[in-house]
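A look at the structure
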Amino acid sequence: LKSYVEETFGAETIPEGMTIQDWGVTAEELEPYFDRFEYMAGISGKAGNINGQIIEGGNPFESPRSRDYALPPLKQQQDALMFAETAKQMGLHPFPRPAANASAPHVNEYGMQLGPCNYCGFCERYGCLNYSKSSPQTCVLGALKRYDNFAYKVNSEVLKINLAEDGKTATGVTYWDGDANEEVTQPADLVIVAAYSLHNVHLMLLSGIGQPYDPATGEGTTGKNYAYQMNGGTTLFYKDKDFNPFVAAGSSGMSINDYGVEQIDYAAEGFIGGSYITCGHSNGQPIRGISLPKGTKGWGAEWKQGVGEWYGHSTSVGSHGSNMAYRDCYLDLDPTYKDPHGRPLLRMTFNWKDNDIRMTQFMRKQIEEIAKAMEPDSWQSSYKEAGAQYDVRPYQTTHNVGGAIMGEDPKTSALNRYLQCWGQHNVFVMGASAFPQNIQYNPTGAVGALAYWAADAIIKDYLPNPRPLV
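**Here we look at the overall build of the protein chain**
Counting its secondary structure elements, the protein chain contains nine helices and 19 strands. Scaling as 2.2 N^0.38, a compact globule of 470 residues should have a C-alpha radius of gyration of about 23 Å, and the protein chain matches this with 23 Å. Projected onto its principal axes, the C-alpha coordinates of the protein chain cover approximately 70 × 55 × 55 Å. Looking at the protein chain residue by residue over its 470 residues, the buried ones come to 50%.

**Observations regarding helix 8 (residues 354–373)**
Because the α-helix completes a turn every 3.6 residues, residues three or four places apart line up on one side. Here helix 8 contains 20 residues, and its C-alpha end-to-end distance of 29 Å stays within 8% of the 28 Å for a straight helix at 1.5 Å per residue. Those residues of helix 8 that fall on the buried side of the exposure criterion are Asn355, Asp356, Ile357, Met359, Thr360, Phe362, Met363, Gln366, Ile367, Glu368, Ile370 and Ala371. Taken from the residues just after helix 8, Glu375 is the one with a positive phi, measuring 55 degrees.

**So, the pattern of salt bridges**
Under the defined criterion, the tally for this structure stands at 19 salt bridges. Notably, a salt bridge pairs Glu56 with Lys88, separated by 3.9 Å at the nearest N-O pair. Of this pair, Glu56 sits in the loop between strand 2 (53–54) and helix 3 (78–89) while Lys88 sits in helix 3, placing them 32 residues apart in sequence. This pair shows no difference in class: Glu56 is exposed, exactly as Lys88 is. One salt bridge connects Glu369 with Lys372, and the closest N-O pair in it is separated by 3.8 Å. Taken together, the residues Glu369 and Lys372, both in helix 8 and three residues apart, mark about one turn of the helix. Residue Glu369 is classed as partly exposed on the basis of its relative accessible area of 43%. Judged by its relative accessible area of 46%, Lys372 is partly exposed. Here the residues in one salt-bridge network are Glu38, Glu62 and Arg65, joined through shared partners.

**Brief notes about the nonpolar core**
Of all hydrophobic cores here, the largest spans 95 residues; its most connected members are Phe83, Met374, Leu415 and Leu450. Broken down by element, the residue count for this core peaks at nine residues, all from helix 9 (residues 444–462). Membership of the second largest hydrophobic core comes to six residues, among which are Phe237, Ile290, Trp303 and Val307.

**Focus: the side chain of Thr397**
Note on placement: Thr397 falls in the loop between strand 17 (378–382) and strand 18 (401–403). The buried category is assigned to Thr397, whose relative accessible area is 7%. There is a polar contact of 2.9 Å between the side chain of Thr397 and the backbone nitrogen of His399. Leave out the neighbours within four places in its chain, and Thr397 touches Tyr228, Gln229 and Asn231.

**Some words on the sheet that holds strand 12 (residues 254–256)**
Judged by pairing direction, the sheet is antiparallel, and its six strands sit side by side in the order 3-12-13-14-11-17 without closing on themselves. Looking at strand neighbours, the two that pair on one side only are strand 3 (95–96) and strand 17, the edges of this open sheet. Pairing between strand 11 (residues 230–237) and strand 17: five bridges, direction antiparallel. Note that in strand 17 the partner of Leu236 across the bridge is Trp379.

**Overview of the sheet that holds strand 6 (residues 156–163)**
Strand pairing in a sheet relies on backbone hydrogen bonds. The paired strands run either parallel or antiparallel. Spatially, three strands are ordered 6-7-8 in an open sheet, and the strand pairing comes out antiparallel. The open sheet is flanked by strand 6 and strand 8 (182–187), the only strands paired with a single partner. The average angle at which neighbouring strand axes cross in this sheet is 25 degrees, direction not considered. Pairing of strand 6 with strand 7 (residues 170–177) involves seven bridges; the strand directions are antiparallel. Counterpart to Val158 in the pairing with strand 7 is Tyr175.

Conventions we followed
- Residues numbered from 1 in each chain as written.
- Predicted model: local features only at pLDDT ≥ 70, side-chain atom pairs only at ≥ 80, totals over all residues.
- Heavy atoms only, no water.
- Helix = DSSP H or I, 4+ residues; strand = E, 2+ residues; numbered from the N terminus.
- Rg over C-alpha atoms; globule rule 2.2 N^0.38 Å.
- Buried < 20%, exposed > 50% of the residue type's maximum accessible area, 1.4 Å probe, protein only.
- Expected span 1.5 Å × (residues − 1).
- Salt bridge = Lys/Arg side-chain N within 4 Å of Asp/Glu carboxyl O.
- Core = buried A, V, L, I, M, F, W, Y, C linked by side-chain atoms within 4.5 Å.
- Polar contact = N/O pair within 3.5 Å; in protein donor to acceptor, adjacent residues only side chain to side chain.
- Contact = heavy atoms within 4.5 Å.
- Pairing = 2+ DSSP bridges.
- Axes fitted to C-alpha atoms, helices over the stretch in contact; angles between N-to-C directions.

Here it is, written out as structure tokens:
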């Protein structure tokens, strides 16, 4: 991203204090690993660019892929089809949102089976009795358990990665065994840290892996470039349409990427970033999944009356936007608060920035134009405004990224291009903690591709000759 901005719009386009970076690996290098991950997970979708050939009905702005998705796209509901038709009439390029919900039976490379989604409307936040969700339990863990050389511990928590006396390699980990109620040291020749992006950084800081980031000087790398996500949306209400939201999948819907990261003139618009835009239902759950017009009371008789009047008669057009990295948004060890094991808690320093507010307000203008063209009886918008402060209380996303970022220079990144720690060559760190900034998309696809990319390097290059790979 940094090189793209500098080469296309000039380095002066990057605001002071913004610390975006390049990844250290290209989309072309990762394509085979994206492909493998999508077929392992049984992803449903429609390709838009196969080996440079643009495919009608897919995302024409995606980077080239070698073949189509593992499964056809999910079936779409009325609201998503209305959105797609309107977007097309406006000269935009709608496509079915890729989904980690199986649209048809699928058997992956490990012999694990997925059953077709039955659109029960309870996908989000629930387990799947059809084995239709591309979860680790469905796609990977059952196969792993068949290996004689694989074992796992439950009710356990890794407390620290142990280093050799010279600090240049890891010797294993210390973990808390909840069943035995004691600390245990587990020796290891290779440590793979895959504990979610936030906890990855916490473990690295606790273990002395990498120089802790200092926002005052800009030096250090562990904890640097924490980024979140900037979302917003417009809700549309129709008295004469019933969208049957209880017939839904977790990732059904139609999207456009006409306002994505590479489709915007940053110099003209005054921000760096982008967003894909989606319409469609993911659930019809009581209470949590119901949108009501502003002014409706949140409980009691009036709320019940509102639910009776509007359930199934609303939809939303949402922006799923990027969030750039900044010098003063970072992760470090809390100087005051400790966890039950006596370790400093992870501290997050973060707030919204003008750049990302401008991005979401730009998306608001585009979405509201689409919303008007969809001719609802009424509509209402919710986007961050100028001066908005970060608030942890309302759910937004779980797309936390950065803190242990990958790159080409140990002075500005915690990991090299193979997700290997610069200072401890037998420690590899998997997850969205490697992202130098938030890229607008759900991070899981890139997390999976990077994991396969790193695993390939470990197996083919590192294990035969353990050393720094860069």
